[in-house]
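One letter stands for each residue in the lines below.
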Amino acid sequence: MKCPYCNFDDTRVIDSRQTDEGHAIRRRRVCDSCGKRFTTYEKAELMINMVVKKDGRREAFDRNKVIGGIIRACEKRPVPMAEIEKMGERIERKINSLGKNEVSSDYVGELVMDELRTVDQVAYIRFASVYRQFADVEKFAEEIDKIRMSNKTKTQEESGPDVLRIAIDGPSGAGKSTVAKAVAEKLGIDYIDTGAMYRAVGFKMLREGVGAEDTGRVERMLNDTEIDFRSGRIFLDGEDISAGIRTQEISEAASECAQIGIVREKLVQIQRDIGHRKSVVMDGRDIGTNVFPDAQFKFFLTATPEERARRRFEQLGGKEQDLSYDEVLQDVRERDYRDTHRELNPLSMAEDAIEIDSTDINEEETINEIYSRITAEH
Ligand code: DC
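One structure accompanies this document, and this report is about it. Here the structure is a predicted model, which means the values were calculated and not measured.

Now for the side chain of Asp120. The residue Asp120 is located in the loop between α3 (105–119) and α4 (121–131) in this model. Exposure remark for Asp120: the relative accessible area of 6% places this residue in the buried category. A polar atom in the side chain of Asp120 sits 2.9 Å from the backbone nitrogen of Ala123. Sequence-distant contacts of Asp120, that is, excluding residues within four places in its chain, are made with Arg77, Pro78 and Val79.

Take a look at the structure:
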């Protein structure tokens, strides 16, 4: 800190003490140039968290409201009030730790479900049925099946090395995400779309105008970035961005940021943390070769560039009308080139991966092929 008297660049702290009320630190400083002493106070700057509701209205975050929702879900369940209060506290702390002044009500709902899932599964189903607006008993049955499967895998997780890691790598447009999601659902474990993580970072870099060459800014941005997956949606700093990251512009931004060393380091770390905690199906480019070289199952899903371009062209369905089939094909080829030729963890098939060419088989057949190979051995 500069000296307020002579403007010398540095001053020394000679004493630090808490103020009486304990919410601030009082420091005595001395300037080594003019010798003057002065006092500073350091206080936390608290943000007011606003919750953005589905209809766009905003209201201040209120822990008691969250607790009220949890109490309703826990009615006549053996969940002590102290535990409910702790859940409210953890949720508030998580929101504060984002360092944002706005979060979506969807995100708050997902945090409540995460808490309830581990504390009381009946309360979880009750809350989810209201929050996700289950329309019929089928939806309840589906959710209960998932809980049954995850109870089974949890028993495996507790035994450590049995955490199941399934890697599905391959070029863009090979159908990895649809297949990986379906396989995870059938197994009752989580699906992690690592491409969506690179898209999230690309999205934030574009939004904040951070250039790939400015590694200092990229690093600062990453240190202030939180990426979460909840119920198949991706949240960037508490905001559900799932709907906005599938555009051509974000594909390019993702491909570019996937070449930056510190971006890969940070994302691979998050991916490993997730895969060490719980069983997952993870798809991407370097899962079997770099993120989890010890994954129990590795698949490499391919299709010809023409077929992948055809699927992508159909998927765009006129949304990006400017693009012809030939342009999409050109884009697929360019992305293949970038993904396979980049310096850091390029796309390549792990030696022990099973290659599945989906050019002439449909999605269902691909899913069944992968699922049956897993269940035959596991
Ligand atoms: O799978 P996708 O198209 O959503 O991936 C977006 C970009 O992220 C793509 O250009 C490749 C890159 N990526 C990567 O480098 N490593 C991964 N594990 C996943 C994606």
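When two helices pack together, their arrangement is given by the angle between their axes and by how far apart the axes lie. Taken N-terminus to C-terminus, the directions of helix α6 (residues 176–187) and helix α14 (residues 363–377) make an angle of 45 degrees; their axes are 9 Å apart at the nearest point. As the angle between them shows, α6 and α14 are arranged oblique. Here α6 and α14 pass one another in a crossing that is right-handed. On α14, the residues that touch Thr178, Val179, Ala182, Val183, Lys186 and Leu187 of α6 are Glu363, Thr366, Ile367, Asn368, Ile370, Tyr371, Ile374 and Thr375. When grouped by side-chain class, the residues that make up the contact of α6 with α14 number 8 nonpolar, 4 polar and 2 charged.

Turning next to the packing of aromatic side chains. Overall, the coordinates contain 5 aromatic pairs when judged by the stated rule. When the centroid spacing of 5.1 Å and the interplanar angle of 90 degrees are considered together, the rings of Phe134 and Phe140 count as edge-to-face. Considering the side-chain rings of Phe313 and Tyr325, the 6.2 Å spacing of their centres and the 85 degrees angle between planes classify their relative orientation as edge-to-face. In this pair, Phe313 is assigned in helix α12 (residues 305–316) and Tyr325 in helix α13 (residues 325–341), connecting sequence segments 12 residues apart. By relative accessible area, Phe313 is classed as partly exposed at 36%. Tyr325 sits in the partly exposed class, given a relative accessible area of 26%. The residue whose ring lies beneath Lys186 is Tyr371, and the NZ or CZ to ring-centre distance is 4.5 Å.

A few words now on the pairing of strand β2 (residues 24–31). Bridge count between strand β1 (residues 11–18) and β2: 7 bridges; the pairing is antiparallel. Bridging from a neighbouring strand, Gln18 pairs with Ile25 of β2. When β2 meets strand β3 (residues 37–43), the two strands line up antiparallel, connected through 7 bridges. Across the sheet, the residue bridging to Arg27 is Thr40, located in β3. Here β2 folds back onto β3, and the loop between the two strands holds 5 residues, one of which, Gly35, carries a positive phi near 80 degrees.

A separate point is the sheet that holds strand β13 (residues 297–302). The sheet built from 5 strands is open, its strands ordered β8-β12-β7-β13-β14 with parallel pairing. Looking at the sheet topology across the chains shown, the edges are occupied by β8 (190–193) and β14 (354–357). Strand-to-strand twist across the sheet, computed as the mean angle between neighbouring axes with direction ignored, equals 20 degrees. One ladder, built from 4 bridges, connects β13 with β14; its direction is parallel. Residue pairing across strands places Thr302 opposite Asp357, the latter belonging to β14. Against the sheet, α6 engages β7 (165–169), β8, β12 (280–284) and β13, with an angle of about 175 degrees to β12. Docked against the sheet, helix α7 (residues 194–208) engages β8 and β12, running at close to 45 degrees with respect to β8.

Glancing now at the nonpolar core. It is characteristic of soluble globular proteins that their nonpolar side chains tend to be buried jointly. Ranked by size, the top nonpolar core spans 34 residues in total, and within it Tyr198, Val201, Met205, Ile227, Ile234, Val263 and Leu267 carry the most contacts. If you list the elements that add at least two residues to this core, you get α7, α8 (215–223), β10 (233–236), α9 (248–257), α10 (261–277), β12 and α11 (287–291). Among the elements that line this core, the one with the most residues is α7, at 7 residues. The residues contacting Val263, other than those within four sequence positions of it, are Tyr198, Val201, Val218, Leu222 and Cys257. In this structure, Ala73, Ile91, Tyr107 and Ile147 belong to the second largest nonpolar core, which totals 29 residues.

Definitions and limits used
Residues numbered from 1 in each chain as written. Predicted model: local features only at pLDDT ≥ 70, side-chain atom pairs only at ≥ 80, totals over all residues. Heavy atoms only, no water. Helix = DSSP H or I, 4+ residues; strand = E, 2+ residues; numbered from the N terminus. Buried < 20%, exposed > 50% of the residue type's maximum accessible area, 1.4 Å probe, protein only. Polar contact = N/O pair within 3.5 Å; in protein donor to acceptor, adjacent residues only side chain to side chain. Contact = heavy atoms within 4.5 Å. Axes fitted to C-alpha atoms, helices over the stretch in contact; angles between N-to-C directions. Parallel < 35°, antiparallel > 145°, perpendicular 65-115°, else oblique. Left-handed = near helix turned anticlockwise from the far one by under 90°. Nonpolar A, V, L, I, M, F, W, Y, C, P; charged D, E, K, R; others polar. Phe/Tyr/Trp six-rings, centres within 6.5 Å; stacked < 30°, edge-to-face > 60°. Lys NZ or Arg CZ within 6 Å of the ring centre and 35° of its normal. Pairing = 2+ DSSP bridges. Core = buried A, V, L, I, M, F, W, Y, C linked by side-chain atoms within 4.5 Å.

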